[in-house]
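Fold and geometry: a report
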Amino acid sequence: MWKVLAIGLFLLLCVAPLTARADCPGDCVETCSAGPAEDYVKCLNACVARCTPDPVPPVPEPTPVPEPSPAPEPNE
């Protein structure tokens, strides 16, 4: 019996940090899960539309590539 409780406690401690890191769409899935399928889809679409996306880093400026030097003529 103690082993079962220890395993359950271990699993709870492993899963608890995952729920704390849930993102906005994950929260929407949890909050909209009750009700018929049509209401679920409407609720989920509206909720996800309100989520703010993660900021996208700016695109770096292009780096110029030097012109290649001409190949030397082979000596015959």
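Residues numbered from 1 in each chain as written. Predicted model: local features only at pLDDT ≥ 70, side-chain atom pairs only at ≥ 80, totals over all residues. Heavy atoms only, no water.

1. Concerning the overall build of the protein
The helix and strand inventory of the protein stands at 3 helices and 0 strands. Start at the N end of the protein and walk to the C end: the helices and strands fall as α-α-α. As presented, the protein carries roughly 7,400 Å² of accessible surface, and 68% of it is formed by carbon and sulfur atoms. (Helix = DSSP H or I, 4+ residues; strand = E, 2+ residues; numbered from the N terminus. Areas by Shrake-Rupley, 256 points an atom, 1.4 Å probe, with all protein chains shown as cover.)

2. Points about a negative patch on the surface
Judged by side-chain charge, Asp-23, Asp-27, Glu-30 and Asp-54 come together as a negatively charged surface patch. Looking at the secondary structure, you find Asp-27 in helix α2 (residues 24-31). The partly exposed category is assigned to Asp-27, whose relative accessible area is 36%. (Patch = residues over 30% accessible without salt bridge, like charges linked within 9 Å, V, L, I, M, F, W, Y side chains within 5 Å. Salt bridge = Lys/Arg side-chain N within 4 Å of Asp/Glu carboxyl O. Lys, Arg positive; Asp, Glu negative; His and termini not counted. Charge placed at Lys NZ, Arg CZ, Asp CG, Glu CD. Buried < 20%, exposed > 50% of the residue type's maximum accessible area, 1.4 Å probe, protein only.)

3. Remarks on the state of the cysteines
A complete count under the given rule lists 3 disulfides for this structure. The disulfide bridge from Cys-24 ends at Cys-51, spanning 1.9 Å between sulfur atoms. Disulfide Cys-24-Cys-51: the torsion about the S-S bond is -75 degrees, which places it as left-handed. Placement of the pair is Cys-24 in helix α2 and Cys-51 in the segment after α3 (37-50), with a sequence separation of 27 residues. Overall, the relative accessible area of 15% leaves Cys-51 in the buried class. Sequence-ordered numbering of the bonded cysteines in the protein gives a pairing of 1-6, 2-5, 3-4. (Disulfide = S-S within 2.5 Å.)

4. Some thoughts on the confidence of the model for the protein
Across the protein, the average pLDDT comes to 77, with 71% of residues at 70 or higher. For the protein, per-element mean pLDDT is lowest for helix α1 (residues 2-20), which scores 57, and highest for α3, which scores 89. Low pLDDT, under 50, characterises residues 16-21; the predicted model gives this stretch 0 contacts beyond four residues in sequence or across chains. (pLDDT = per-residue confidence, 0-100. Contact = heavy atoms within 4.5 Å.)

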